[in-house]
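Spelled out, the chains give:
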Amino acid sequence: MKSYVIAEIGSNFNQKKEKAFKMIKIAKECGADAVKFQLFKASKLYPNNKKMFKLFKSIELNPKWVKELSDYCNFIEIDFLTSVFDIGSAKLANKFVKMHKVASSEATNIPLLKYLLKTNKKILFSTGMCDEKDIKIFINLSKKLKNNDVVLMQCGSMYPLPDQYVNLNVLKTYKKYKYDIGFSDHTLGSDAAMCARVMGASYFEKHFTLNKKSKGPDHFF
């Protein structure tokens, strides 16, 4: 099948709606099939007296913008996607996305996985923080809930990811599950993605920014 390319905007719009629209437009001009944002509530992830809470609170996507961003994506004909980290955010996203992305940090969040699988939409399952046992638990859950529209995404949870840790041979293991396979690419170049394509991956995700020197946790890589 044709490669499906997701441009991961994440938090790189710096909480500016106009910049989010600009990044969507540029992703479309570059040939991406989809853009992806991260939709979460910092209060659901970290205690509010912790440093990480302050960081994640500062990069939240305003849920009131989701419909506007989705409408703009529809207007310029690029898919709107999100990664979600709690069921409330998942319920909001489900109104606007045609598939769901599971970040590897949520690979063992069984209540969230059950909700997403029950939507009967395609699930892009990132495996960066998983071992094979975690993946088998998810696959068994997908079969139990009768949603086999799944993409197993090889991923290395380092930012950036050195080439020696890409471990694309994992894709050979994923093929045995008879699902589509993909590659969430955190390397700095495109060589790994091209190799993944040769090995059968058809879904690809890549972070991007308008300026690597911008302030924020993701711009630099």
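All of the points below concern the structure found in this document. (Residues numbered from 1 in each chain as written. Predicted model: local features only at pLDDT ≥ 70, side-chain atom pairs only at ≥ 80, totals over all residues. Heavy atoms only, no water.)

## Looking at the pairing of strand E4 (residues 99-102)
Just so we agree on the cut-off: Buried residues are those whose accessible area, probed at 1.4 Å on protein chains only, stays under 20% of the maximum for their type, while exposed residues exceed 50% and partly exposed ones sit between those limits. Only DSSP runs of H or I covering at least 4 residues are called helices, and only runs of E covering at least 2 are called strands; the numbering of each starts at the N terminus. Between any two strands, pairing holds if DSSP finds at least two bridges.
Neither face of E4 is left uncovered, since the one carrying Met99 and Lys101 and the one carrying His100 and Val102 both have all their residues buried. Pairing of E4 with strand E5 (residues 122-126) involves four bridges; the strand directions are parallel. Note that in E5 the partner of His100 across the bridge is Ile123.

## Quick look at helix H7 (residues 132-144)
In plain terms, the rule: In a helix, the anticipated span is given by 1.5 Å times the number of residues less one. The arc in question is formed by the directions pointing from the helix axis toward the C-beta atoms. Residue contacts are defined here by distance: any two heavy atoms, one from each residue, within 4.5 Å place the two residues in contact. Two N or O atoms form a polar contact when they lie within 3.5 Å of each other; inside protein one atom must be a possible hydrogen donor and the other a possible acceptor, and for residues adjacent in sequence the pair counts only when both atoms belong to side chains.
A rise of 1.5 Å per residue sets the reference length of H7, with its 13 residues, at 18 Å; its end C-alpha atoms lie 18 Å apart and thus fit the reference within 8%. Every buried residue of H7 is listed here: Asp134, Ile135, Phe138, Ile139, Leu141 and Ser142. Burial along H7 is one-sided: seen end-on, the buried residues are contained in an arc of 160°. Seen from the buried face of H7, the exposed residues on the opposite side, beyond 90 degrees, are Lys133, Asn140 and Lys144. Considering only its buried residues, H7 is in contact with helix H6 (110-118), E5, strand E6 (150-155) and helix H8 (170-175). Near the N-terminus of H7, the side chain that reaches the backbone nitrogen of Lys133, with its oxygen 3.1 Å away, is that of Asp131. Lys146 lies just past H7 and shows a positive phi near 60°.

## Points about H6
For H6, the set of buried residues is Leu112, Leu113, Leu116 and Leu117. Along the axis of H6, the buried positions cluster into a sector of 130°, meaning they face one direction only. Away from its buried face by more than 90 degrees, H6 exposes Pro111 and Lys118. Asn120 occupies a position one or two residues after H6 and carries a positive phi of about 65°.

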